[in-house]
Amino acid sequence: MKSKESALVLFSGGQDSTTCLFWAIKEFESVRTLCFTYGQRHSKEVEIARNIAHQANVPFQMLDASIISQLSVNSLTDVNVVMDSEKPEDNYPNTFVPGRNLLFLTFAAVIARSHGIRHIVTGVSEADYSGYPDCRDTFIMSANTSINLAMDEHFQIHTPLMWRDKTAVWELADELGVFALIRDKTLTCYNGIIADGCGECPSCRLRKQGLDNYLKIKNHT
Ligand code: ZN
């Protein structure tokens, strides 16, 4: 049954957060989106996110979080850093932005609070990723507790994709009736190419692998 409450979705216009947006629209009475800018390689991302929110008929808020790009060197925010195409054996890929999700969740909670919202939705996942520590379930539970203690609130952080690999994320999009929208309108590619993307970057390869798998399963059922 649909909750009578409201939710704030951390939203970037990519496959995962767009799937989360439509999941939240199904689960909650009202939904808002929050999009962070932090000197990503492609500011086009923000326009894509804005368009999807507009199409979904939900409020879109942008927050300048560019302080993040001043804190550390990584290939997502610094064009001079060549992006790792594979995960190095002994480290995280240099697409890892240390502290990002902790900061984002904290900012999101403050904004949610100002709107009287206690449900926060984020598209992080432990499955099929580079193993970023701030995408793990234990981190989210811990952040949820800390944020509640910090503000004496009862926020609930929802992670509908936590245990879904990319194949299962496509499956969820299909169940939610937004498979085509997510395939055609979202931007996941590190090289800034919408929909199926460049096909070469780690993000495109993951997305395509999941899509191919899902279509294979779907066509056999
Ligand atoms: Zn790509």
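For the structure itself, look to the data block above.
Right, let's walk through the structure included here. Note that the structure is predicted; figures quoted are calculated from it, not measured.

1. Section: unusual backbone geometry
Of note in this structure, D152 is not a glycine but carries a positive phi near 50 degrees. In this fold, D152 is placed in the loop between α5 (137–151) and β5 (156–158). Phi at A195 takes a positive value of approximately 60 degrees, unusual for a residue other than glycine. Within the element layout of this structure, A195 appears in the loop between α7 (179–185) and α8 (202–219). What makes A195 buried here is its relative accessible area of 17%.

2. Looking at the coordination of the zinc ion
For the zinc ion, every protein donor is listed as C189 (SG), C198 (SG), C201 (SG) and C204 (SG), and the spread of their distances is 2.3 to 2.4 Å. Here the zinc ion binds four donor atoms, and the angle range of 104 to 117 degrees at the metal identifies the geometry as tetrahedral. A relative accessible area of 6% means that C189 is categorised as buried. In this structure C198 comes out as partly exposed when scored by relative accessible area, which is 23%.

3. Digging into the sheet that holds β5
Strand order in the open sheet made by the five strands is β3-β2-β1-β4-β5, with parallel pairing throughout. At either end of the open sheet lies a strand with only one pairing partner, and these are β3 (60–64) and β5. In this sheet, adjacent strand axes meet at a mean angle of 25 degrees when their direction is disregarded. Of the pairings in the sheet, the one linking strand β1 (residues 3–10) to strand β2 (residues 28–37) comprises six bridges and is parallel in character. When the bridges of β2 are listed, S3 appears paired with F28. Where helix α1 (residues 15–27) meets the sheet, its contacts fall on β1, β2, β4 (119–121) and β5, and the angle it forms with β2 comes to roughly 155 degrees. Sitting on the sheet, helix α4 (residues 100–114) is in contact with β1, β2, β3, β4 and β5, with an inclination near 140 degrees to β1.

Calculation notes
- Residues numbered from 1 in each chain as written.
- Predicted model: local features only at pLDDT ≥ 70, side-chain atom pairs only at ≥ 80, totals over all residues.
- Heavy atoms only, no water.
- Helix = DSSP H or I, 4+ residues; strand = E, 2+ residues; numbered from the N terminus.
- Buried < 20%, exposed > 50% of the residue type's maximum accessible area, 1.4 Å probe, protein only.
- Donors = N, O, S within 2.8 Å, 3.2 Å for Na, K, Ca; no water.
- Tetrahedral: all angles 85-135°; square planar, octahedral: opposite > 155°, others 65-115°.
- Pairing = 2+ DSSP bridges.
- Axes fitted to C-alpha atoms, helices over the stretch in contact; angles between N-to-C directions.
- Contact = heavy atoms within 4.5 Å.

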